[in-house]
Amino acid sequence: MTQVKNGDTVHIHYTGTLKDGTPFDSSAGRDPLAFQVGTGQIIPGLDAAIPGMAVGDRKTVTVPCEQAYGEVDPGRRTAVPRAQIPPDVPVDVGTRLQMQGPSGEAVPVMVVASDEASVTLDANHPLAGQDLTFDIELVAIKNAA
């Protein structure tokens, strides 16, 4: 049976869960996730688990945060004076917003604190600092040329 190697394009079905078993993402009811193995298109810890699998194989992979979205970086949190935020922008804790990065790119942020003087925005990935578990099934392989 053909086994996956780096450079192959694969299609997987997956369910991702947090340490407590709470699901955070799944391909259930959707097309399988397609990506080229070993090219950095998905998180490193999941990418590394695919080589050697064959079509129909299933496995459960636990990915430490360092191989997923990284540790929480306190430097990616910033307090913005309330006066610099337009009054029509919601600033409730948990609200997701976008800021403009230094090169003009959109940077997703989440409001993590808010008071009369400032709003604290967090640009860390929502799954940063969390170990993740994936139940995966390999459904197709397109071998690299």
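Above this text you will find the structure in question.
Caption draft 1: View of the packing of aromatic side chains. All told, the structure shown has 1 aromatic pair when counted by the stated rule. Judged by centre distance (5.7 Å) and plane angle (85 degrees), the rings of Phe24 and Phe134 are edge-to-face. Residue Phe24 is found in strand 2 (residues 23-26), and its partner Phe134 is found in strand 9 (residues 132-142); the two are separated by 110 residues along the sequence. What makes Phe24 partly exposed here is its relative accessible area of 27%.

Caption draft 2: Examining the pairing of strand 9 more closely. Bridge analysis of strand 1 (residues 9-17) against strand 9 gives 9 bridges, and the strand direction is antiparallel. Across the sheet, Thr9 pairs through a bridge with Lys142, a residue of strand 9.

Caption draft 3: Geometry of the nonpolar core. Val10, Ile12, Ile50, Phe134 and Ile136 are the most contacted members of the largest nonpolar core, which has 21 residues in total. Only strand 1, strand 4 (58-63) and strand 9 provide two or more residues apiece to this core. Per-element accounting of this core gives the leading share, 4 residues, to strand 9. Residues contacting Val10, with those up to four places away along its chain left out, are Val4, Leu33, Ala34, Phe35, Val37, Ile50, Leu138, Ala140 and Ile141. Ile85, Val107, Val109 and Leu121 belong to the second-largest nonpolar core, a separate cluster that totals 9 residues.

Caption draft 4: Seen up close, the layout of surface pockets. Looking at the largest pocket, its volume works out to about 170 Å³. Residue lining of the largest pocket: Tyr14, Phe24, Asp25, Leu33, Gln41, Ile42, Ile43, Leu46, Tyr69, Leu127 and Phe134, and that is the complete set. Residue composition of the lining of the largest pocket, by class: 9 nonpolar, 1 polar and 1 charged.

Caption draft 5: Broad picture of the pairing of strand 8 (residues 118-122). Along strand 8, 5 of the 5 residues are buried, which leaves the element largely enclosed by surrounding structure. By the alternation rule, side chains of strand 8 split into Ser118, Thr120 and Asp122 and Val119 and Leu121, which are all buried. Bridging between strand 5 (residues 77-81) and strand 8 involves 5 bridges; their strand directions are antiparallel. In the strand pairing of strand 8, Arg77 is matched with Asp122. As paired strands, strand 7 (residues 106-114) and strand 8 are joined by 4 bridges and run antiparallel to one another. Its bridge partner lying in strand 8, Met110 is registered against Asp122. The loop that links strand 7 with its antiparallel partner strand 8 comprises 3 residues.

What counts, and where the lines are drawn
- Residues numbered from 1 in each chain as written.
- Predicted model: local features only at pLDDT ≥ 70, side-chain atom pairs only at ≥ 80, totals over all residues.
- Heavy atoms only, no water.
- Phe/Tyr/Trp six-rings, centres within 6.5 Å; stacked < 30°, edge-to-face > 60°.
- Helix = DSSP H or I, 4+ residues; strand = E, 2+ residues; numbered from the N terminus.
- Buried < 20%, exposed > 50% of the residue type's maximum accessible area, 1.4 Å probe, protein only.
- Pairing = 2+ DSSP bridges.
- Core = buried A, V, L, I, M, F, W, Y, C linked by side-chain atoms within 4.5 Å.
- Contact = heavy atoms within 4.5 Å.
- 1 Å grid on protein atoms, 1.4 Å probe; cavity = no way out; pocket = protein on both sides within 12 Å on 5 of 7 lines; lining within 4 Å.
- Points joined across faces, edges and corners; volume = space filled by probe spheres on them.
- Nonpolar A, V, L, I, M, F, W, Y, C, P; charged D, E, K, R; others polar.

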